[in-house]
Amino acid sequence: MTGAFSQRRKEAHSYRQVPTLPAAAEEDDVEMDDEFGTESLSSASTDGEKLPVFDMSPVNCRCPFCRADITTFVTHEPSVVSYLLALLLILVLQWLSVCVLPVIWPLLKDTVHRCPSCLNKVGSRSKISLPTSFKNDVLTFRIGHCAVVLARKYVVILLALVGVIGVFYMARSSGVMQPAMIPRGPDIDVTWKDFLNDCGDRAYLGNPLHSVKAFDEKYKYKTVKWTGRVVRIREGIDLWLFKTKSFAMIKMFPPQQAYRPDVVDLILLFDGAQQRDQVALLPAGAWAEFEASLLSLGRRGGPHLLQLWSIKETERPQEVEDAVAEAAMALSARQAMMDAIVGEKNNEGPPVSSDGQSDGEQPTSNIESSSHRD
């Protein structure tokens, strides 16, 4: 009895075992699908079987390595393309990539299907799927579990718009559309107030043609020596084809737009080592005396563009001191007037009637009559 039971157990065990194939046979039966980047069985071993489609979820298939019918388990692993896209984001966004890259990094990983028995890689799929052919009328863009379906004409319009914006940005960054650095022009003895009278905000809004003509004839490419307050300093970018100039934002006195204190009056462009060293010594909010050549006129109250030659920190101008003192005196006088008005109201008693009694007092006869009635 015991011998028959053990014999049946051996037969069942031999039935459940998966027959192993020689190494040469396994190499002949397994092939790589280069188009989709997944392993699949050869046509000799999969006749009549439908090849699995590896997606974001586990699939049922036969492992090409151990020949077992399995349900794959899914892992998310970075590939070479993932690292290349991450490097591209770092080069384009620079320090902003620290905020963006951790959010989109899971989307850059590939979905990898592995066999639970032998742990070999059965197939993989990228989470980012783009259309490879524009022959279809409808194109599908897929990122993770999200998919966007667009008509082909809208995709073409979008690509054309992105191309135009890219060309415009490249031209501007490379310096093609920026004002060219010119040699130093002749010095002219004009003040900031004289410039405001000819080309300021009010003059431009009153007669733009007159302001443009006055700027071209009197000020363009001429060097001036003015004093202003440094508001902000921005360093330019020089990365391959992307290039922008450094500049300093200056607020003048009197300001061009007194009702908008956040708008600067001048932008000083600089690109030389000498100017960089001089600007590096200026703290934000300091008053500075500078020499610069006028390049372009600001439109509708916008800042005027100049090329900086030299700049140094200086004391606050005397006219600013006088204006501050005058404003302080006016404020003190107004405060004293308000205090006097409030004091008079506090010292006044209740209003007096024509018979010499206040409105709050009643005549004696009226009080006595009211007491008799009670």
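All values reported here derive from a predicted model rather than from experimental measurement. (Residues numbered from 1 in each chain as written. Predicted model: local features only at pLDDT ≥ 70, side-chain atom pairs only at ≥ 80, totals over all residues. Heavy atoms only, no water.)

Draft legend 1. Examining the nonpolar core more closely. Grouped together as the largest cluster of nonpolar side chains are 28 residues, with contacts concentrated most on Phe195, Trp226, Leu266, Leu268, Phe290 and Ile311. Of all the secondary structure elements, the ones that give two or more residues to this core are helix 6 (192-199), helix 8 (208-219), strand 11 (223-234), strand 14 (246-251), strand 15 (266-270), strand 16 (287-296) and strand 17 (304-313). Once residues lying within four places of it in the same chain are set aside, the contact partners of Ile311 are Leu268, Gln278, Val279, Leu282, Ala288, Glu289 and Phe290. Core analysis: the next-biggest nonpolar cluster, separate from the first, contains eight residues, Phe54, Ala68, Ile70 and Cys115 among them. (Core = buried A, V, L, I, M, F, W, Y, C linked by side-chain atoms within 4.5 Å. Buried < 20%, exposed > 50% of the residue type's maximum accessible area, 1.4 Å probe, protein only. Helix = DSSP H or I, 4+ residues; strand = E, 2+ residues; numbered from the N terminus. Contact = heavy atoms within 4.5 Å.)

Draft legend 2. A look at the pairing of strand 11. Relative to strand 16, strand 11 runs antiparallel, the two being bridged by seven bridges. Bridging across to strand 16, Trp226 finds its partner in Phe290. As paired strands, strand 11 and strand 14 are joined by five bridges and run antiparallel to one another. Directly across from Val230, in strand 14, lies its bridge partner Ile250. (Pairing = 2+ DSSP bridges.)

Draft legend 3. The sheet that holds strand 5 (residues 73-77), seen in detail. Taken in spatial order, the three strands line up as 5-6-7 in an open sheet, and their pairing is antiparallel. Single-partner strands in this sheet number two, and they are strand 5 and strand 7 (121-126). For this sheet the average axis-to-axis angle between neighbouring strands, irrespective of direction, equals 25 degrees. Direction of pairing for strand 5 relative to strand 6 (residues 110-114): antiparallel, over a ladder of five bridges. Along strand 6, the bridge assignment pairs Thr75 with Val112. (Axes fitted to C-alpha atoms, helices over the stretch in contact; angles between N-to-C directions.)

Draft legend 4. Helix 3 (residues 80-93), seen in detail. Under the 1.5 Å per step criterion, the end-to-end length of helix 3 is 20 Å for 14 residues, consistent within 8% with the ideal 20 Å. Gln94, located one to two residues past helix 3, shows a positive phi value of around 55 degrees. (Expected span 1.5 Å × (residues − 1).)

Draft legend 5. Main features of helix 4 (residues 97-108). In this model, helix 4 (12 residues) spans only 14 Å end to end at C-alpha, well below the 16 Å of a helix rising 1.5 Å per residue. Three or more residues of helix 4 are buried, namely Ser97, Leu101 and Leu108. Taken down its axis, helix 4 places every buried residue within 25 degrees of arc, on the same side. Exposed residues on helix 4 whose side chains face more than 90 degrees from its buried face are Cys99, Pro102 and Val103. Residues of helix 4 that are buried make contact with helix 3, strand 6 and strand 8 (128-129). (Arc of directions from axis to C-beta.)

Draft legend 6. View of the packing of helix 6 against helix 8. Close contact between helix 6 and helix 8 brings their axes to 8 Å; oriented N to C, the two are set at 140 degrees. Comparing the axis directions of helix 6 and helix 8 gives the class oblique. Of helix 8, the residues touching helix 6 (which contributes Asp194, Phe195, Asp198 and Cys199) are His210, Ser211, Ala214, Phe215, Lys218 and Tyr219. Here the contact of helix 6 with helix 8 is built from residues that sort into five nonpolar, two polar and three charged. (Parallel < 35°, antiparallel > 145°, perpendicular 65-115°, else oblique. Nonpolar A, V, L, I, M, F, W, Y, C, P; charged D, E, K, R; others polar.)

Draft legend 7. Up close: the confidence of the model for the protein chain. For the protein chain, mean pLDDT is 78; residues scoring 70 or higher make up 74% of the total. Confidence over residues 4-48 falls short of pLDDT 50; this stretch has 41 contacts with residues more than four positions distant or in other chains. (pLDDT = per-residue confidence, 0-100.)

Draft legend 8. Representation of the pattern of salt bridges in the model. Scanning the model with the defined rule gives 12 salt bridges in all. Among the salt bridges present, the one from Asp137 reaches Arg152, with a minimum N-O distance of 3.1 Å. A residue pair is termed long-range when its members are at least 10 positions apart, and Asp137 in the loop between strand 8 and strand 9 (138-143) and Arg152 in helix 5 (residues 152-173) qualify at 15 residues. The exposure class assigned to Asp137 is exposed, which follows from its relative accessible area of 55%. Here Lys218 makes a salt bridge to Asp198, at a shortest N to O gap of 3.6 Å. Of this pair, Lys218 sits in helix 8 while Asp198 sits in helix 6; the two residues are 20 residues apart in sequence, bridging distant segments of the chain. Look at Lys218 and you get partly exposed, because its relative accessible area is 44%. (Salt bridge = Lys/Arg side-chain N within 4 Å of Asp/Glu carboxyl O.)

Draft legend 9. Just the sheet that holds strand 17, in detail. Read around the closed barrel, five strands run 11-14-15-17-16, paired in mixed fashion. Direction aside, neighbouring strands of the sheet carry axes that sit 55 degrees apart on average. In this structure, strand 15 lies alongside strand 17, joined through four bridges in parallel fashion. Each bridged residue has a counterpart across the sheet, and for Leu266 the counterpart in strand 17 is His304. The sheet strands contacting helix 9 (residues 273-280) are strand 11, strand 14, strand 15 and strand 17, and the helix crosses strand 17 at an angle near 65 degrees.

Draft legend 10. Representation of a nonpolar patch on the surface within the structure. Together, Val81, Leu85, Leu87, Leu88, Leu91, Val92, Leu107, Ile128, Leu130 and Ile143 line one region of the surface with nonpolar side chains, adding up to about 830 Å² of accessible area. For the nonpolar patch, the leading source of residues is helix 3, giving six residues. Considering the arrangement of structural elements, one finds Ile128 in strand 8. (Patch = residues over 30% accessible without salt bridge, like charges linked within 9 Å, V, L, I, M, F, W, Y side chains within 5 Å. Areas by Shrake-Rupley, 256 points an atom, 1.4 Å probe, with all protein chains shown as cover.)

Draft legend 11. Structural context of unusual backbone geometry. Cis geometry is found at the peptide bond from Phe253 to Pro254, where omega equals -5 degrees. Locating Pro254 in the fold gives a position in the loop between strand 14 and strand 15. A positive phi angle, close to 65 degrees, is found at Leu119, a residue other than glycine. If you trace the backbone, Leu119 turns up in the loop between strand 6 and strand 7. Residue classification places Leu119 among the exposed residues on the basis of a relative accessible area of 52%. Backbone geometry at Tyr221 places phi at a positive 65 degrees, although glycine is not the residue there. In this structure, Tyr221 sits in the loop between helix 8 and strand 11. Given a relative accessible area of 40%, Tyr221 falls into the partly exposed group.

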